[in-house]
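Notes for the structure review
Here are the chains, one letter per residue:
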Amino acid sequence: MRYRIQLLKTAALALGMALASQTAVAQEQIGAFTVFIGKSDLTDEKGAALSEPWKVLRRDRANYHRFGVSQSGDQWDPYFGSSQSRKSLQALVARGNVDPKAAKRLRSGGIILVHVFGQGGTPTAIKISVP
C-alpha cells in the first residue's frame, strides 16, 4: 500500500513538473507591436460599438492588414495578417491579460502595446498594456 501511495506521489510530481515546463515554454515572448485604436477600430462593419478588448484588437488588425487602414502608432505584425489568425484573438487574450489602463484605451482610443507569447513563432497568449 505504501508503495502505491509513493508511486502515485511520484507520478503526480512528474506530471506537475511536465506541465510547469510546458507553461514556461509557452510564455516566452516572441514579439511585440504597438496599435493605435482609432474611431474606425471601435465599431464593427455595421457601425455597432465594440466593447470586448479582443474584438477591438481584431477590428484594428483587420483594418490594418485587410483594409489598409492605419493611423500613426499602428505597427505591422507577423501574427494577425490572416482572417484565420485574427479569429484566435479571443482565446489568446483569455490566456493572457489586459492591463486596466489598456482596457480603457481599447474602449476609447489611444496607443496600446501588444506582447505576443508563444512557442516556435506560434502565438499562445497575448498581454495588452500601455507603452
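Above this text sits the structure in question.
In short, a report on the structure.

Things to note about the pattern of salt bridges
In total, this model carries 4 salt bridges according to the counting rule given. Among the ionic pairs, aspartate 60 bridges to arginine 61, the shortest N-O distance being 2.9 Å. Residue aspartate 60 is classed as buried on the basis of its relative accessible area, which comes to 0%. Take arginine 61: its relative accessible area is 0%, and that puts it in the buried class. Ionic pairing is found between aspartate 77 and arginine 61, a salt bridge with its closest N-O pair at 2.6 Å. Of the two residues, aspartate 77 sits in the loop between α2 (53-65) and α3 (83-87) while arginine 61 sits in helix α2, which places them 16 residues apart along the sequence. Taken individually, aspartate 77 and arginine 61 each receive the classification buried, so the pair is uniform in this respect. When salt bridges that share partners are traced, they join Asp60, Arg61, Asp74 and Asp77 into one network.

Digging into the packing of aromatic side chains
For the structure on display, the rule yields 2 aromatic pairs. Among the aromatic residues, those joined into a ring-pair cluster are Phe33, Tyr79 and Phe80. The ring of phenylalanine 117 is capped by lysine 127, whose NZ or CZ atom sits 5.0 Å from the centre of that ring.

Some details on the pairing of strand β4 (residues 122-129)
With 2 bridges joining them, strand β2 (residues 97-98) and β4 adopt parallel strand pairing. Pairing of valine 98 across the sheet is with isoleucine 128, part of β4. Alignment of strand β3 (residues 110-119) against β4, held across 7 bridges, turns out to be antiparallel. In the sheet register, glycine 118 faces β4, and the bridge partner there is proline 123.

Brief notes about the side chain of serine 129
If you trace the backbone, serine 129 turns up in strand β4. Polar contacts involving the side chain of serine 129 include one to the side chain of histidine 115, which spans 3.2 Å. Setting aside residues up to four positions removed in sequence, serine 129 forms contacts with Asp99, Ala102, Ile112, Leu113 and His115.

Brief notes about the sheet that holds β3
Pairing is mixed in the open sheet, where 4 strands are placed in the order β1-β3-β4-β2. Unpaired on one side and paired on the other, β1 (28-37) and β2 mark the two borders of the sheet. The strands that α2 touches are β1, β2, β3 and β4; relative to β1, the one it contacts most, it runs at about 80°.

Observations concerning α2
With 13 residues, α2 extends 18 Å from end C-alpha to end C-alpha; this agrees with the ideal 18 Å at 1.5 Å per step. Each element contacted by the buried residues of α2 is listed here: β1, α3, α4 (89-95), α5 (100-108), β3 and β4.

Conventions adopted
Residues numbered from 1 in each chain as written. Predicted model: local features only at pLDDT ≥ 70, side-chain atom pairs only at ≥ 80, totals over all residues. Heavy atoms only, no water. Salt bridge = Lys/Arg side-chain N within 4 Å of Asp/Glu carboxyl O. Buried < 20%, exposed > 50% of the residue type's maximum accessible area, 1.4 Å probe, protein only. Helix = DSSP H or I, 4+ residues; strand = E, 2+ residues; numbered from the N terminus. Phe/Tyr/Trp six-rings, centres within 6.5 Å; stacked < 30°, edge-to-face > 60°. Lys NZ or Arg CZ within 6 Å of the ring centre and 35° of its normal. Pairing = 2+ DSSP bridges. Polar contact = N/O pair within 3.5 Å; in protein donor to acceptor, adjacent residues only side chain to side chain. Contact = heavy atoms within 4.5 Å. Axes fitted to C-alpha atoms, helices over the stretch in contact; angles between N-to-C directions. Expected span 1.5 Å × (residues − 1).

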